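# Residue-level structure breakdown
Take a look at the letters that make up each chain.
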Amino acid sequence: MFELRIYTTTPGNLEALNARFRDHTVALFKKHGMTNIAYWNLMPDQEGAENTLVYLLAHSSRHAAKDSFSAFGADPEWKSALKDSEAKAGGPLTVKGGVKSLFIKATDYSPIR
């Protein structure tokens, strides 16, 4: 089962969010049982290119996803990375309501099944 996540950053903080994912989040997701599939930024000519991160995770089930994110959120390393990145940016890296999650499943003809 897959989870498509879309983040909208606060103004000027897309690179800070990418750095937090690059330097901390991706490894912590793996540590907590999530499979990192891919991470994207929009092409410059698209609306939202300056503030959008899109990524895809794989989980064994929705229950596993919930458990993984609970463990991730409680991880002291995550809490430290969050605090440090927000302190450096002068506030949150994402806008209020700026994290969207969609649980999706591959069709029977999808090569990623």
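Up top is the structure.
In this text the structure is predicted, and so the values were computed from the model without any measurement.

## Topic: the sheet that holds strand 3 (residues 52-58)
Within the open sheet, the four strands sit side by side as 2-3-1-4. Their pairing is antiparallel. A single partner strand is all that each edge strand has here, and the edge strands are strand 2 (35-41) and strand 4 (94-104). Pairs of neighbouring strands in the sheet enclose a mean axial angle of 15°, with direction left out of account. One ladder, built from seven bridges, connects strand 1 (residues 2-9) with strand 4; its direction is antiparallel.

## Quick look at helix 3 (residues 76-89)
Helix length check: helix 3, at 14 residues, gives a terminal C-alpha distance of 20 Å against a target of 20 Å (1.5 Å per residue), a fit within 8%. Considered for burial, the residues of helix 3 that qualify are Trp78, Ala81 and Ser85. Along the long axis of helix 3, the arc covered by the buried residues comes to 65°, so they all point the same way. In helix 3, those exposed residues whose orientation departs by more than 90 degrees from the buried face are Pro76, Lys83 and Ala87. In this fold, the buried residues of helix 3 make contact with helix 1 (14-31) and helix 2 (62-74). Looking one or two residues beyond helix 3, the residue adopting positive phi is Gly90, at roughly 80°.

## Points about the packing of aromatic side chains
Aromatic rings in a pair are described by how distant their centres are and how their planes are angled relative to each other. Taken as a whole and judged by the stated rule, the model has 11 aromatic pairs. With a centroid separation of 5.5 Å and an interplanar angle of 70°, the aromatic rings of Phe29 and Phe69 are classed as edge-to-face. Of the two residues, Phe29 sits in helix 1 while Phe69 sits in helix 2, which places them 40 residues apart along the sequence. Three or more aromatic residues joined by ring pairs make a cluster, and in this case those are Tyr7, Phe21, Phe29, Tyr39, Tyr55, Phe69, Phe72 and Trp78.

## Notes on the side chain of Arg20
Secondary-structure assignment places Arg20 in helix 1. No salt bridge forms around the buried Arg20; measuring N to O, its nearest opposite-charge neighbour Glu86 is 4.4 Å away. The contact partners of Arg20, leaving out residues within four places of it in the chain, are Thr25, Trp78, Ala81, Leu82, Ser85, Glu86 and Leu93.

## With respect to the packing of helix 1 against helix 3
Remark: helix 1 packs on helix 3, axes separated minimally by 10 Å, with the N-to-C direction vectors making an angle of 160°. Taken together, the axes of helix 1 and helix 3 lie roughly antiparallel to each other. Note on packing geometry: the crossing formed by helix 1 with helix 3 is left-handed. When helix 1 is examined against helix 3, the residues Arg20, His24, Thr25, Leu28 and Lys31 are found in contact with a partner set consisting of Glu77, Trp78, Ala81, Leu82, Ser85 and Glu86. When the residues that make up the contact of helix 1 with helix 3 are grouped by side-chain class, the tally is four nonpolar, three polar and four charged.

What counts, and at which threshold
- Here the residue index of a chain counts from 1 through its sequence in written order.
- Confidence filtering applies because this is a predicted model: local features only for residues at pLDDT of at least 70, side-chain atom pairs given and counted only at 80 or more, and all residues used for totals across whole chains, interfaces and linings.
- Neither water nor hydrogens contribute to the side-chain values; these are computed over all heavy atoms in the structure.
- When DSSP finds two or more bridges between a pair of strands, those strands are recorded as paired.
- Under the DSSP-based scheme used, a helix requires at least four consecutive residues in state H or I and a strand at least two consecutive residues in state E, with every element numbered from the N terminus.
- For helices, the fitted axis covers only the stretch in contact; all axes are lines through C-alpha atoms, and the angles between them, taken along N-to-C directions, range from 0 to 180 degrees.
- Here a helix's expected span is defined as the number of its residues, less one, multiplied by 1.5 Å.
- Working definition: with a 1.4 Å probe on protein chains only, accessible area under 20% of the residue-type maximum means buried, over 50% means exposed, and in between means partly exposed.
- Summarising the geometry, the arc corresponds to the directions from the helix axis toward the C-beta atoms.
- Note on contacts: a residue pair qualifies if any of its non-hydrogen atoms lie within 4.5 Å across the two residues.
- Working definition: a ring pair exists when centres of Phe, Tyr or Trp rings (six-membered ring for Trp) sit within 6.5 Å. Plane angles under 30 degrees give stacked, over 60 give edge-to-face, the rest tilted.
- By the counting rule applied here, Lys and Arg register as positive and Asp and Glu as negative, while His and the ends of each chain are not counted.
- Salt bridge, as used here: a side-chain nitrogen of Lys or Arg that lies within 4 Å of a carboxyl oxygen of Asp or Glu.
- Put simply, angles under 35 degrees are roughly parallel, angles over 145 are roughly antiparallel, angles from 65 to 115 are roughly perpendicular, and the rest are oblique.
- Here a crossing is called left-handed whenever its near helix is offset anticlockwise from the far helix by less than a right angle, and right-handed whenever the offset is clockwise.
- Ten residue types, Ala, Val, Leu, Ile, Met, Phe, Trp, Tyr, Cys and Pro, are classed as nonpolar, four, Asp, Glu, Lys and Arg, as charged, and the remainder, Gly among them, as polar.

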